[in-house]
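Inside the fold
Each chain is listed here by its residues.
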Amino acid sequence: MGEIKTRTKDRILVDEVHESPVDRWLFRLRKILLLALIALVILVVVGRLAWRFLGDRPATYSAIEDHFKYGSIGSEPGGSLRAAVGGVLPPYWIFKALPKICPDLLPGGYASLGLIFEKGHDLPIGVSKRFRLGFEQVGLNCAVCHTGTYRASPQSEPRIVLGMPAHGLDLQGFFNFISACTLDQRFTADNVIGRVQEAGGRLGFFDRLLYRAQLVPRTQAATLVQRNRVGVLLGDQAMQWGAGRVDTFNPYKALQFNWRLQDLPRDELFAASDYPSLWNQRPREGMELHWDGNNDSLDERNLSASLGAGVTPVTIDHPALARVKQWTLTLPPPEYPFTIDADLATRGETLYRAHCVRCHADARFRTAGVVEPGWQVGRVVPLADIGTDAGRWKSYTFLFASNQYSLYPDSTYRFTHFRKTAGYANHPLDGIWVRAPYLHNGSVPTLADLLEPAEARPKAFYRGYDVYDPVKVGFRTDVAEEGGRKYFRYDTTLPGNGNGGHLYGVKLPQADKKAIVEYMKRL
Amino acid sequence: MADDPIFQPLRFRNLTVKNRLFRSSISGRWDNYDGSGTQARINWETKFARGGIGAIITSFVPVHIRGRIMPNYAMIDADDKIPFWREVVRSVHEYDCRFIMQLSHSGRQRDVPGIENFMNKALSSTNKMDGFHGLLCQAMTRDEITQTVQHFADGARRAREAGCDGVELHASHGYLFTQFLSSGINDRTDEYGGPLENRARFLLEVIAAIRREVGRDFHLQVKINAVDNNNALYPWEKKGNTLEESIQVCKWVEEASADGLHVSIGSLFPHPQLPSGGFPVDEANWWYGGMVSGGVRAYLNYALFHYKLLRPIFLALWNRTKKDMPVEAVCAAEAREIKKNVSIPVINTGGYQNGALIRKVISEGYVDGVTMARPLIANNDLPKILAAGRDLPERPCSFCNRCLVNAIANPLGCYDVRRYGGDRDAMIREVMSVFHPRQYV
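Residues numbered from 1 in each chain as written. Chains lettered and ligands numbered in written order. Predicted model: local features only at pLDDT ≥ 70, side-chain atom pairs only at ≥ 80, totals over all residues.

For the rest of this paragraph, the subject is the overall build of chain B. Each helix and strand counted, chain B has 17 helices and twelve strands in total. Put simply, chain B has 441 residues, and 56% of those count as buried. Sequence separation of 24 or more characterises 71% of the internal contacts of chain B that already satisfy a separation of 6 or more. (Helix = DSSP H or I, 4+ residues; strand = E, 2+ residues; numbered from the N terminus. Buried ≥ 20, exposed ≤ 12 C-beta atoms within 10 Å, placed from the backbone. Contact = placed C-beta atoms within 7 Å.)

Put into structure tokens, the structure is as follows:
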């Protein structure tokens with residue numbers, strides 16, 4: 001029962017306010033309705049927030065080629081809102097805005113780093129989009145390192161080849177740019193928001209608030225964490241990977257296991273190696289995979305490679321990765337697109353069978369995966385025998401293999417096949433014509449060079465240029481710059497870049513070498 | 001008592017009342033729907049006569065069905081109503097109490113239209129709806145004015161034939177006469193609108209018509225607003241007539257042969273300032289529902305009464321001018337100003353209960369008598385209590401106005417349960433006492 005006071009000139013009248021049973025019933029009903037409404041509003045708000053912040057919605061593609069190029073394998077940041085894990089790239093809109101925020105650090109845009117853009121796509125091949133942690137995020141997928149281009153001439157349109165090593169990709173430069181720009185003094189909330197809106201991002205009030213309070217500081221914090229962990233591998237003082245190479249396992253040590261890289265023996269840190277091709281994976285099952293043959297399981301190799309793209313055991317998208325794997329099992333290598341001297345190639349086939357086939361299989365592997373009994377294809381050759389640069393071999397250690405076994409615990413994904421080997425593994429040479437430059441560290445630019453003794457191989461050359469050299473079979477290496485894009489000068493005298501070893505066939509007559517190279521165009 | 005100014009006779013030109021206490025107009029809905037009377041009304045009026053009141057001014061008695069404020073009020077719209085009123089007069093006269101019929105027409109202020117009026121708009125001086133409930137209306141034509149004037153004259157004749165001691169024209173509280181008189185309402189451009197003399201024309205024509213019908217020797221008084229305060233509820237409304245304008249109207253009324261003036265205030269009813277006191281929003285929540293289909297703003301009002309969270313909005317508007325007004329004798333000062341300017345007796349309404357205060361306003365020349373309703377509902381025998389020398393009854397009226405709001409739907413009586421010690425059954429018994437004695441036993 002309430003009370004009402006009426007103030008008059010000479011007194012204050014006080015009256016009681018009564019409630020009838022109907023009043024009480026209605027009040028109860030309304031209380032319930034109000035509570036229900038409040039609950040509904042809370043539910044809607046919480047639901048909306050949950051949809052936004054707990055949602056995990058990758059951009060999906062029905063065509064497998066598009067999925068390979070742009071689909072997410074889970075390498076975007078994920079896990080918990082408070083402490084996100086995984087991912088090596090800033091959120092989508094920031095990623096898009098970065099070249100505008102720091103134009104002097106990347107005048108040619110992402111394309112100048114060898115990232116490949118297709119018409120109708122705002123992101124380069126190998127960069128996926130996924131809605132996670134309340135924002136559109138981007139991540140790297142398999143295609144970033146396994147898609148390349150070639151041209152017949154400087155005037156030709158580049159041909160994009162899926163599964164081909166990304167011989168033009170400057171991944172180290174890519175990370176250096178993101179690191180430098182996100183820590184640049186221009187990377188302020190105001191600037192980021194302005195550039196994002198210029199780039200077409202529609203940011204509402206709530207979004208802008210989140211950019212200020214969360215996204216911009218978190219991106220910088222994430223960069224600092226990454227720089228703290230892998231800084232030894234970046235910057236001018238570190239080994240220069242150049243175009244088409246990556247140090248596979250050293251970043252892995254830091255990012256997945258929090259190793260202090262600066263405490264490692266220095267000779268473990270010169271390990272940059274070429275990207276391999278992805279085609280014909282089914283007949284590779286059971287072969288000793290990776291340059292040093294440290295794992296003979298396709299699944300484990302794939303899973304491990306995805307970790308390098310920024311995936312973590314928490315954020316990985318296993319079905320998406322499995323879809324890529326399924327496709328690569330039978331993905332054929334590209335046909336050699338230029339003229340082949342059939343007679344010379346036929347003669348070369350005989351020589352190839354005599355000198356190469358035991359370790360590298362022949363053209364039948366391309367179409368039927370043929371590996372004859374007795375061949376040693378996909379097997380480790382001891383370092384002393386192969387003689388190639390030891391840097392990559394040294395970077396993969398027994399201790400590291402032991403750590404890898406700790407990943408994916410209590411799941412069917414747990415690693416069991418990694419091991420420290422004695423050397424480098426040989427590989428089938430399907431599509432070898434477009435896998436230049438050669439040897440694990442890409443130290444030999446063409447097949448013709450590879451059949452020369454080490455001392456006769458080029459001491460320095462440019463790599464990353466995609467105009468093809470059908471004579472020596474490989475990419476042209478004499479172009480330092482084209483259209484403002486600079487190419488990487490590869491110096492074989494630097495640690496990890498040695499071009500020695502693999503001296504098979506180097507003593508053959510030049511005519512035989514030429515015939516072997518001509519045949520290898522058919523592989 | 002012999003020297004008590006309250007209990008001195010009051011002599012009008014054609015009527016003498018034994019004391020200075022009048023029961024002002026008030027009624028419950030206890031007559032037949034068609035306006036014919038019942039035993040309950042006889043009982044009701046007799047209660048007050050028995051209690052010692054000098055004169056009773058009847059309830060709002062419509063002179064025509066279109067002027068009814070709500071059904072179940074006895075009317076005087078036809079000769080067949082005369083016998084009933086004659087019986088009421090007879091019963092009241094048994095206690096030496098005079099009986100003055102209040103001849104009324106609601107105009108647009110037709111709270112519950114009833115089935116007879118539901119499909120027509122109310123007649124008024126204006127086409128503008130009433131500001132409180134949104135009651136729709138249309139401006140009367142000159143023919144309709146002429147007819148209505150005659151309805152009043154006929155009503156007066158019937159009252160006299162029924163033995164009434166006089167009639168009162170209800171020209172206050174926002175009913176039809178006010179709708180013509182008030183500058184806050186009347187927006188006519190013909191000879192019944194504009195200047196004050198035009199706005200007063202309708203009232204003066206009715207007085208003249210009554211005199212033509214009943215003669216000069218029948219008591220005729222006019223209940224009139226001293227001020228309209230038409231903007232007391234909604235500040236954006238026009239203020240209405242001033243005291244000076246009302247004084248002028250009263251002079252004209254006197255010249256037109258009225259025998260007395262009954263001074264009140266407020267251009268609507270209920271008005272924030274009269275009846276004075278509180279506004280029982282709980283009762284409004286319970287009983288206002290019967291009015292919601294009658295006006296276009298009534299749903300809004302109902303919502304304001306119904307939802308507790310909204311009640312403060314209405315109360316803030318309703319009470320905003322009360323702090324400058326007393327609860328009792330709310331317009332005694334204005335009545336005194338009128339009295340100074342006329343020579344006929346002036347009686348005054350507005351929360352009179354306290355004997356000392358009544359004595360003061362009479363003895364100091366504010367007014368010649370007072371009219372009261374709510375204090376008499378609370379204590380039917382208040383005159384006897386005052387006569388016994390007490391200034392207040394044991395359980396005085398609290399001015400809560402629960403009686404007022406209940407009148408829309410329920411038998412009229414005192415609904416302040418605190419006056420019954422919280423005993424709701426006792427309260428109901430008291431309210432139901434109006435139905436005794438029964439007509440058929």
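Secondary structure assignment for chain A yields 18 helices and 19 strands. By the burial criterion, 46% of the 523 residues in chain A qualify as buried. Of all intrachain contacts in chain A linking residues separated by at least 6 positions in sequence, the fraction that spans at least 24 positions is 72%.

Another aspect to go through is the interface of chain A and chain B. Every contact between the two is made by twelve residues of chain A and, on the other side, 17 residues of chain B. Residues that form the side of chain A that touches chain B fall into these classes: three nonpolar, four polar and five charged. (Nonpolar A, V, L, I, M, F, W, Y, C, P; charged D, E, K, R; others polar.)

As a further point, take the packing of helix α4 (residues 142–161) of chain B against helix α7 (residues 201–214) of chain B. Residue and element names in this part refer to chain B. Between α4 and α7, whose axes approach to 8 Å, the crossing angle comes to 40°. Between α4 and α7, the interaxial angle falls into the category oblique. Regarding α4 and α7, the two cross each other, and that crossing is right-handed. Residues Ile 145, Val 149, Gln 150, Phe 152, Ala 153, Ala 156, Arg 157 and Arg 160 of α4 form the contact with α7, whose own contacting residues are Phe 202, Glu 205, Val 206, Ala 209, Ile 210, Arg 212, Glu 213 and Val 214. Across the contact of α4 with α7, the residue classes break down as ten nonpolar, one polar and five charged. (Axes fitted to C-alpha atoms, helices over the stretch in contact; angles between N-to-C directions. Parallel < 35°, antiparallel > 145°, perpendicular 65-115°, else oblique. Left-handed = near helix turned anticlockwise from the far one by under 90°.)

This paragraph deals with the pairing of strand β9 (residues 219–225) of chain B. All names here are of chain B. Among the seven residues that make up β9, seven are buried, leaving the element largely enclosed by the rest of the structure. In terms of strand pairing, strand β8 (residues 166–171) meets β9 through six bridges, oriented parallel. Paired with Leu 169 across the two strands is Val 222, which belongs to β9. Inspection of the sheet shows β9 paired to strand β10 (residues 260–264) by five bridges, in the parallel sense. (Pairing = 2+ DSSP bridges.)

Before going further, it helps to examine the confidence of the model for chain B. Residues with a pLDDT of 70 or more make up 100% of chain B, whose mean pLDDT is 97. For this predicted complex, the interface confidence reaches an ipTM of 0.84, while the overall pTM sits at 0.69. (pLDDT = per-residue confidence, 0-100.)

Attention now goes to helix α8 (residues 249–257) of chain A. Residues and elements named next belong to chain A. α8 sits mainly inside the fold: eight of its nine residues count as buried. Among the residues of α8, those classed as buried are Phe 249, Asn 250, Pro 251, Tyr 252, Lys 253, Ala 254, Leu 255 and Gln 256. In this fold, the buried residues of α8 make contact with α7 (205–230), α9 (298–308), α15 (391–395) and α16 (398–404).

This part is about the sheet that holds β8(B). All names here are of chain B. Taken in spatial order, the eight strands line up as β3-β4-β5-β8-β9-β10-β11-β12 and close into a barrel, and their pairing is parallel. Across the sheet, the mean angle from the axis of one strand to that of its neighbour is 25°, orientation sign disregarded. Pairing analysis gives two bridges linking strand β11 (residues 346–348) to strand β12 (residues 369–372), with the strands arranged parallel. The residue of β12 that forms the bridge with Ile 347 is Gly 369. Running at roughly 160° to strand β5 (residues 98–104), α4 makes contact with β5 and β8 of the sheet. Of the strands in this sheet, β9 and β10 touch helix α8 (residues 243–255), which is tilted by about 170° from β9.

Here we take up the nonpolar core. Residues Ile56(B) and Leu203(B) are the most contacted members of the largest nonpolar core, which totals 118 residues. Ile56(B) has contacts with Arg23(B), Glu45(B), Phe48(B), Ala49(B), Val92(B), Cys97(B), Phe99(B) and Ile100(B), leaving out every residue within four places of it along the chain. (Core = buried A, V, L, I, M, F, W, Y, C linked by C-beta atoms within 7 Å.)

The next thing to look at is the environment of Val417(B). All names here are of chain B. Along the chain, Val 417 turns up in the loop between α16 (402–406) and α17 (424–432). Each C-alpha atom of the pair Val 417 and Ile 428 lies 9.3 Å from the other, and the pair is eleven residues apart in sequence. Contact partners of Val 417, with chain neighbours within four places excluded, come to Gly 422, Arg 424 and Met 427.

Let us now look at the sheet that holds strand β7 (residues 135–140) of chain A. All names here are of chain A. The strand order β3-β6-β7 describes an open sheet built from three strands, whose pairing is antiparallel. Only two strands of the sheet have a single neighbouring strand rather than two, namely β3 (56–58) and β7. Strand-to-strand twist in this sheet, taken as the mean axis angle between neighbours without regard to direction, amounts to 30°. Helix α3 (residues 92–101) contacts β6 (127–132) and β7 of the sheet and is inclined by roughly 70° relative to β7.

Attention now moves to the pairing of β7(A). All names here are of chain A. Among the six residues of β7, five are classified as buried, and the element is accordingly described as predominantly covered. Pairing geometry for β6 and β7, over six bridges, is antiparallel. Counted as the bridge partner of Arg 132 is Phe 135 from β7. Between β6 and β7, which pair antiparallel and follow one another directly, the connecting turn spans two residues, one of which, Leu 133, has a positive phi of 55°.

Attention now goes to the environment of Asp77(B). Residue and element names in this part refer to chain B. Looking at where Asp 77 falls in the secondary structure, it is placed in the loop between β4 (55–62) and α2 (82–93). By C-beta crowding, Asp 77 is classed as buried, having 20 other C-beta atoms within 10 Å. C-alpha separation for the pair Asp 77 and Arg 158, spaced 81 residues apart in sequence, amounts to 8.7 Å. Among residues more than four places away in sequence, those in contact with Asp 77 are Gly 35, Pro 62, Val 63, His 64 and Ile 65.

Across the junction of Ala436(A) and Pro437(A), the peptide omega takes the value -5°, indicating a cis bond. The topology assignment puts Pro437(A) in the loop between β13 (423–425) and α17 (447–450). If you check the backbone angles, Ala361(A) has positive phi at about 60° while not being a glycine. By the element assignment, Ala361(A) lies in the loop between α12 (357–360) and α13 (363–368). The phi dihedral of Asn72(B) falls on the positive side, at around 70°, and the residue is not glycine.

We now examine the environment of Leu261(A). Residues and elements named next belong to chain A. For Leu 261, the location among the structural elements is in the loop between α8 and β11 (273–274). Residue classification places Leu 261 among the partly exposed residues on the basis of 18 C-beta atoms within 10 Å. Between the C-alpha atoms of Leu 261 and Asn 228, which are 33 residues apart in sequence, the distance is 9.8 Å.

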